[in-house]
Amino acid sequence: MTDPAAPPEESVTTAAPAEEAVTAAAAVAGTSTTLDVVAANPLRDPRDKRLPRVAGPCVMVLFGVTGDLAKRKLLPAIYDLGNRGLLPPGFSLVGFARRDWKDQDFAQLTHDAVKAHARTPFREEVWKQLLEGIHFVPGEFSDDGAFDALAMALAEIDQTRGTGGNYAFYLSVPPKFFPLVVEQLKRTGLADAPEGSWRRVVIEKPFGHNLQSAHELNEITTSAFPESSIFRIDHYLGKETVQNIMALRFANNLYEPIWNRGFVDHVQITMAEDIGIGGRAGYYDGIGAARDVIQNHLLQLLALVAMEDPTSFDAQALRREKEKVLKAVQLPANLGLNTARGQYSAGWQGGEKVVGYLEEEGISRESITETYAAIKLEIANRRWAGVPFYLRTGKRLGRRVTEVAVVFQRAPHLPFSKDDVEILGQNALVIRVQPDEGITVRFGSKVPGTAMEVRDVSMDFAYGESFLESSPEAYERLLLDVMIGDPPLFPHQREVELSWKILDPIEEFWATQGQPEPYESGSWGPESANAMMARDGRVWRRL
Amino acid sequence: MTTFMLSDTTAGKISAQFTHLRHQMGAPAIGMVLTLVVVCEERHQYDALRAASEAAREHPSRIIVVINREVEEPIRLDAELRIGESTPGEVVVLRLYGELTQHADSVVSPLLLPDTPVVAWWPGKAPDVPSKDAIGALAQRRITDARGFDDGGVTSLVTRAKGYARGDTDLAWARLTPWRSLLAAAFDQPVGKVYEGVVEASSGNPSAPLLAAWLSERLGVHIEVLESPGPGITTVRLKLDGGELSVVRTDARLATLSRPGQPDRNVALARRHTSELMAEELRRLDSDEIYEAAVKRFARTYKG
Ligand SMILES: NC(=O)c1ccc[n+]([C@@H]2O[C@H](COP(=O)([O-])OP(=O)(O)OC[C@H]3O[C@@H](n4cnc5c(N)ncnc54)[C@H](OP(=O)(O)O)[C@@H]3O)[C@@H](O)[C@H]2O)c1
């Protein structure tokens, strides 16, 4: 079934300049789907800012519906989109799993997941709308018959729901199954979009475990789908505060003049978790903190903080700038002195007694996987030369917090007596990513009542979203973007590979270093991480 | 929630009290992004304030409620200040008596947050030309509500069109967003030529003629407004080659979208609370040209 209205995916992949114009205009409009649709649709107008971006008719096919991610994030996010009126009429959801289930069993699982994890209130009419479009296809990934059945089910849905052959395949399954699933989608022709419709594939991290495997994984995916149809999820990029980094930097004139080596002393990017590996031993062991978090989330944050201003916010322009800055990243010459890795040992975390990594279920007593990683990077360009970027992440740290702190140089001259500014630190601008989203500025202020004693104070800003327990989930935004076909918030394969190029030498070095340094659960990581900062005359921010 | 009453007071004392309360509460370091001035009668106060405070969860604001009381009484200003733990921002309810009711702006303007946008909202009856109103003139965005005119809702829209200035909007328009959004989504698949259409709604519903005006503005065809038992808007039908495109909603919750050659589909289309409408209004503070075009078209074709 062809649908002349749907965004012509083929032409998007080939006609680059036209695509740029299209996405740029759509980005400016911010509310519509794509320019050709706008032009064809008399009811849309870029000035009509009330009309939300709604996806065109489509089917979301979810592999791995019984998994943790599907139940906790994806199914609730789909419901929440429906509740906000952002799902297209006829939207259908197809579940695929190795269960002997009927549609209603999958509906029940979805219902439970929505009740337990959706952020918006449960409304019967929204559920009814969703329920009408719920289907289930049972089968193993290796079972050709199951995928033939899937193809038939989809063709039927196009007939009964008017979804026009537009399918998004969400691979919420362990990466080792990607090749199998992609191969099946290729074999059954589901990966090929007929004229006038689209096919997209959504994949989750990890995108490989090094450059080589990332490349192989990509070969497999691109053998079936063109790059423009591959959506790689880095859910950090769906977060409001992360997008706010761009607003902060490029909508203001206040920060840009000081956003460089002339004023910035260094940058600290932290993602700290208070939890351990939980039940995910199989996933985590052998991967470790750096591959799990630094390769994707932290390097993406670094790119957004350090990149030059993109000519627009369309995917090409944004990715180009991120790639440029990732290419300019340089590793320190001595990795031993400028990286640190650790492994949590037993201890007390927030009032609870917890076991060490090596005692966790499913972890070998000899595992050398790191649960804490800190690295120092430099960016070799005119803006940043000589300004270190310190990245750290760890599990079982004191508190759950993710932030980017731009720490400024000390004032070149302080016309105060030495005693008066003893407790004055450095100015800092902190972008708080989670859990308490917002911005903090730290600066010196006179202590009232003293002669001229100056100390650090913090000024916080939190926009309203952060007051609602229900600020839109990153996954809502990203799922919507997949269905609309709007790629700026998804990393390109080139970014993935550049990030591995940064991390691979570090991982190779670490592999020769034996056991990571233990750190007590509930602390802020291994001593070597503090020593690494101390050598540079700096300290980690206390979080 | 800390509440503080000041009777027979002045704007200066209210300001000082706000500062005092904020300090007492440990100076909640919350950046407020706008001031919302709600001008209403006593009977609308409770609901309006609730909706405004809900909306302020998304847009932390100082909310100033202005209630004009008896003109005959001696001049007096009473104020009720609230700083909540449950809501970001601050609320002050002002009750004006005597001649002061004619000079509410003199109380409101010193209480506006400096250098951030001001929005005025009339949940009930509104002035004919909001932008020329003393309080309306302080605001960049002026929100009226045709529904606040009870039976006169539809005719109030004619007044709106005549007195329109950039920055005016009406909640009767905001109520249409889900309908408009669904119709626009339906048009994302080309429907070909539209010949004529019908909007059906309960009698006197002011949103219905606005929807019809928007559709005929965009599609260039005549759209009739017909009465139905409601609730609210129940049907939009557009005549196409080979059939019609329709959205039918009879229970105020779930709508059915039908179009030629395609299966019927149900879509949630619930009516929204005033707080959601207000949150939508506060999201964008530039003028709404699409509303302007719709309300002016409606006024041109209205026969009374
Ligand atoms: N969970 C998170 O927070 C998170 C965060 C970031 C990225 N991710 C990524 O998201 C994806 C899914 O994560 P997850 O945590 O949901 O994983 P999970 O809980 O392990 O779920 C995996 C899913 O794959 C299915 N599956 C596994 N082997 C299968 C087979 N041989 N045949 C058919 N189905 C099979 C499972 O079905 P059964 O129930 O039948 O086993 C299950 O539904 C992974 O790529 C992961 O790396 C997850």
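Residues numbered from 1 in each chain as written. Chains lettered and ligands numbered in written order. Predicted model: local features only at pLDDT ≥ 70, side-chain atom pairs only at ≥ 80, totals over all residues. Heavy atoms only, no water.

1. Quick notes on a nonpolar patch on the surface
A cluster of nonpolar residues, L414(A), F416(A) and M452(A), forms a patch on the protein surface that exposes about 220 Å² of accessible area. With respect to the helices, strands and loops of the structure, L414(A) is situated in the loop between β14 (401-408) and β15 (428-434). (Patch = residues over 30% accessible without salt bridge, like charges linked within 9 Å, V, L, I, M, F, W, Y side chains within 5 Å. Areas by Shrake-Rupley, 256 points an atom, 1.4 Å probe, with all protein chains shown as cover. Salt bridge = Lys/Arg side-chain N within 4 Å of Asp/Glu carboxyl O. Helix = DSSP H or I, 4+ residues; strand = E, 2+ residues; numbered from the N terminus.)

2. Observations concerning helix α7 (residues 207-219) of chain B
Each full turn of the α-helix corresponds to 3.6 residues, which orients residues three or four apart in the same direction. Residue and element names in this part refer to chain B. Helix length check: α7 (13 residues) gives 18 Å between terminal C-alpha atoms against 18 Å at 1.5 Å per residue, within 8%. When you tally the buried positions in α7, you get eleven out of 13 residues, the bulk of the element. For α7, the full list of buried residues reads S207, A208, P209, L210, L211, A212, A213, W214, L215, S216 and L219. Looking at the residues trailing α7, positive phi occurs at G220, about 70°. (Expected span 1.5 Å × (residues − 1). Buried < 20%, exposed > 50% of the residue type's maximum accessible area, 1.4 Å probe, protein only.)

3. Some thoughts on the packing of aromatic side chains
Residues and elements named next belong to chain A. Taken as a whole, this structure holds 23 aromatic pairs over all chains when the rule is applied. With 5.2 Å between their ring centres and 55° between their planes, F63 and F96 make a pair best called tilted. Of this pair, F63 sits in strand β1 (residues 59-63) while F96 sits in strand β2 (residues 92-97), and the two are 33 residues apart along the sequence. A single burial state applies to F63 and to F96, both of which are buried. Both rings, one in W101 and one in F136, keep their centres 5.3 Å apart while their planes meet at 50°; by these two values the pair is tilted. Taken together, the residues W101 in the loop between β2 and α5 (103-117) and F136 in strand β3 (residues 134-138) connect sequence positions 35 residues apart. Classification of F136 as buried rests on a relative accessible area of 8%. (Phe/Tyr/Trp six-rings, centres within 6.5 Å; stacked < 30°, edge-to-face > 60°.)

4. Let's talk about the domain arrangement of chain A
All names here are of chain A. For chain A, the domain assignment lists domain 1 (9-204) and domain 2 (238-535). A C-alpha centroid distance of 32 Å is found between domain 1 and domain 2. Taken together, the contacts link 29 residues of domain 1 with 18 residues of domain 2. For the pair domain 1 and domain 2, the two sides together bury roughly 2200 Å², of which 64% comes from carbon and sulfur. Here domain 1 and domain 2 share five salt bridges between them. As a salt-bridge pair, E476 and R84 come within 2.6 Å of each other at their nearest N and O atoms. (Domains from an automatic or database assignment. Contact = heavy atoms within 4.5 Å. Buried area = accessible area lost by both parts, 1.4 Å probe.)

5. Examining the domain arrangement of chain B
Residues and elements named next belong to chain B. Looking at the assigned domains, one finds that chain B contains domain 1 (2-170) and domain 2 (177-268). When each unit is reduced to the centre of its C-alpha atoms, the spacing between domain 1 and domain 2 is 36 Å. Taken residue by residue, the interface counts five residues in domain 1 and five residues in domain 2. The contact between domain 1 and domain 2 buries some 340 Å² in all, and 84% of this surface belongs to carbon and sulfur atoms. Looking at the side of domain 1 facing domain 2, the largest losses of area belong to R147, V154 and L157, adding up to 76% of the total buried there. Counting across the domain 1 and domain 2 interface gives zero salt bridges. At the junction of domain 1 with domain 2, the criterion picks out zero residue pairs in polar contact (both at pLDDT 80 or more). The residue inventory of the side of domain 1 that touches domain 2, partitioned by class, reads three nonpolar, one polar and one charged. (Polar contact = N/O pair within 3.5 Å; in protein donor to acceptor, adjacent residues only side chain to side chain. Nonpolar A, V, L, I, M, F, W, Y, C, P; charged D, E, K, R; others polar.)

6. Considering the packing of helix α8 (residues 178-187) of chain A against helix α9 (residues 211-224) of chain A
Packed helices, taken two at a time, are described by their axes: the angle between them and the distance between them. Residue and element names in this part refer to chain A. In contact at an axis separation of 9 Å, α8 and α9 are set at 15° when each is read in the N-to-C sense. On the basis of their axis angle, the class for α8 and α9 is roughly parallel. Regarding α8 and α9, the two cross each other, and that crossing is left-handed. From α8, F178, P179, V182 and K186 reach across to α9, where they touch L217, I220, T221, S223 and A224. Class assignment for the residues of the contact of α8 with α9 results in six nonpolar, two polar and one charged. (Axes fitted to C-alpha atoms, helices over the stretch in contact; angles between N-to-C directions. Parallel < 35°, antiparallel > 145°, perpendicular 65-115°, else oblique. Left-handed = near helix turned anticlockwise from the far one by under 90°.)

7. Description of the interface of chain B and chain A
Each partner contributes residues to the interface: chain B has 45 residues there, and chain A has 39 residues. In this assembly, chain B packs against chain A so that about 3700 Å² is buried in total across both faces, 56% of it on carbon and sulfur atoms. It is D188(B), R218(B) and R265(B) in chain B that bury the most area against chain A; as a group they hold 16% of the surface buried on that side. Our count for the contact surface shared by chain B and chain A stands at nine salt bridges. For R218(B), the salt bridge is made with D45(A), and the minimal N-O distance between the two is 2.9 Å. At the boundary of chain B with chain A, the tally comes to 17 residue pairs in polar contact (both at pLDDT 80 or more). Contributing elements (two or more residues each) for the side of chain B that touches chain A: α2 (42-58), α5 (171-174), α6 (177-187), α7, β13 (254-259), β14 (262-268), α8 (274-283) and α9 (289-301) of chain B. Per-element tally for the side of chain B that touches chain A: the top contributor is α6(B), with eight residues.

8. Looking at the site of the ligand
All names here are of chain A. If you check the shell around the ligand, you find 21 residues, and the closest are T66, D68, L69, R98 and R99. Measuring from an oxygen atom of the ligand, one finds a side-chain N or O atom of T66 at 2.4 Å. At 3.0 Å, a backbone N or O of G67 approaches an oxygen atom of the ligand. Relative to its unbound accessible area of 880 Å², the ligand is 81% covered by the protein chains. Take the shell around the ligand: its biggest share by element is three residues, from helix α4 (residues 68-83). Looking at the shell around the ligand residue by residue, the classes come out as nine nonpolar, four polar and eight charged. (Near = heavy atom within 4 Å.)

9. Considering the pairing of strand β11 (residues 233-240) of chain B
Residues and elements named next belong to chain B. By the criterion of burial, β11 is predominantly enclosed, with six of the eight residues buried. Looking at chain direction, strand β9 (residues 194-201) and β11 are connected through seven bridges and run antiparallel. Counterpart to E196 in the pairing with β11 is K239. Relative to strand β12 (residues 243-248), β11 is paired through six bridges, and the arrangement is antiparallel. Following the sheet pairing, T235 is matched in β12 by V248. Between β11 and β12, which pair antiparallel one after the other, the connecting turn spans two residues, and G242 there sits at a positive phi close to 80°. (Pairing = 2+ DSSP bridges.)

10. Thoughts on the side chain of R232(A)
Residue and element names in this part refer to chain A. By secondary structure assignment, the location of R232 is in strand β6 (residues 230-233). Of note is the side chain of R232, whose polar atom sits 3.0 Å from the side chain of E227. Here P491 takes part through its backbone oxygen, which lies 3.3 Å from a polar atom of the side chain of R232. In this view, R232 contacts I203, F207, N218, E227, F490, P491, H492, Q493 and V496; residues no more than four positions away in its chain are not counted.

11. Describing the sheet that holds strand β4 (residues 76-83) of chain B
Residue and element names in this part refer to chain B. Overall, mixed pairing links the eight strands, which are arranged β1-β4-β5-β3-β2-β6-β7-β8 in an open sheet. Edge positions in the sheet fall to β1 (2-6) and β8 (168-170), since each has one partner strand and no second. Across the sheet, the mean angle separating the axes of adjacent strands is 15° when strand polarity is ignored. In the sheet, strand β3 (residues 61-68) pairs with strand β5 (residues 90-97) via seven bridges, with the strands oriented parallel. Along β5, the bridge assignment pairs V65 with V93. Across the sheet, helix α1 (residues 11-24) lies against β1, β3, β4 and β5, angled at about 15° from β4, the strand it touches most.

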